[in-house]
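Structural overview
For reference, the chains in residue letters:
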Amino acid sequence: MPLARLAGSGSQAEAAIAGHYNAGTVAGPVEAVEQGELVIFDYHEISGSGPAQNALFSSFIKIVERATGTVVYTDTVSTGVQSVIPDLFFVLHDMLYYIKDRRTLVAVRLAS
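Please read these numbers as outputs of a predicted model, since none were measured by experiment.

Next up on the list: the packing of aromatic side chains. Considering all chains together, one arrives at five aromatic pairs under this definition. Relative to Tyr43, the ring of Tyr21 has its centre 5.6 Å away and its plane inclined at 40°; by these criteria the two rings are tilted. Taken together, the positions of Tyr21 in the loop between helix 1 (12–17) and strand 2 (31–35) and Tyr43 in strand 3 (residues 38–46) put the pair 22 residues apart, joining distant regions of the chain. You can call Tyr21 partly exposed: its relative accessible area is 23%. Members of the aromatic cluster, connected to one another through ring pairs, are Tyr21, Phe41, Tyr43 and Phe60.

Quick look at the sheet that holds strand 6 (residues 89–92) now. As summarised here, the arrangement of the three strands in space is 6-7-8, forming an open sheet in which the pairing is antiparallel. Since the sheet does not close on itself, it has two edges, and those belong to strand 6 and strand 8 (104–109), each with one partner. For this sheet the average axis-to-axis angle between neighbouring strands, irrespective of direction, equals 25°. Taken together, the six bridges between strand 7 (residues 95–100) and strand 8 define a ladder with antiparallel strand orientation. From the neighbouring strand, Lys100 faces strand 8, where its bridge partner is Thr104.

Rules behind the numbers
Residues numbered from 1 in each chain as written. Predicted model: local features only at pLDDT ≥ 70, side-chain atom pairs only at ≥ 80, totals over all residues. Heavy atoms only, no water. Phe/Tyr/Trp six-rings, centres within 6.5 Å; stacked < 30°, edge-to-face > 60°. Helix = DSSP H or I, 4+ residues; strand = E, 2+ residues; numbered from the N terminus. Buried < 20%, exposed > 50% of the residue type's maximum accessible area, 1.4 Å probe, protein only. Pairing = 2+ DSSP bridges. Axes fitted to C-alpha atoms, helices over the stretch in contact; angles between N-to-C directions.

So, in structure tokens, the structure goes:
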């Protein structure tokens, strides 16, 4: 299933991740994909101060149970980057893959 950009859709996935990020500091879209009973999502927050052109961002990935909204995995993907990076992760079969700090491939087995 491709990544979805959640924007007030009222879906069960959106309800599951609500409260797990601060919408006031999010820069760019929240991207999510459902995998069985899990919702995997990423988002970026402004982490530096100053004018928008000098802003720095941090990127995060979380996995929550769709039915309960319980976080079962979280990681900081990058900090201090100069732009929002779309499509931080992908899912293949029962594995989640992403690159941490621009140099480490992370693979997480998804229990469904």
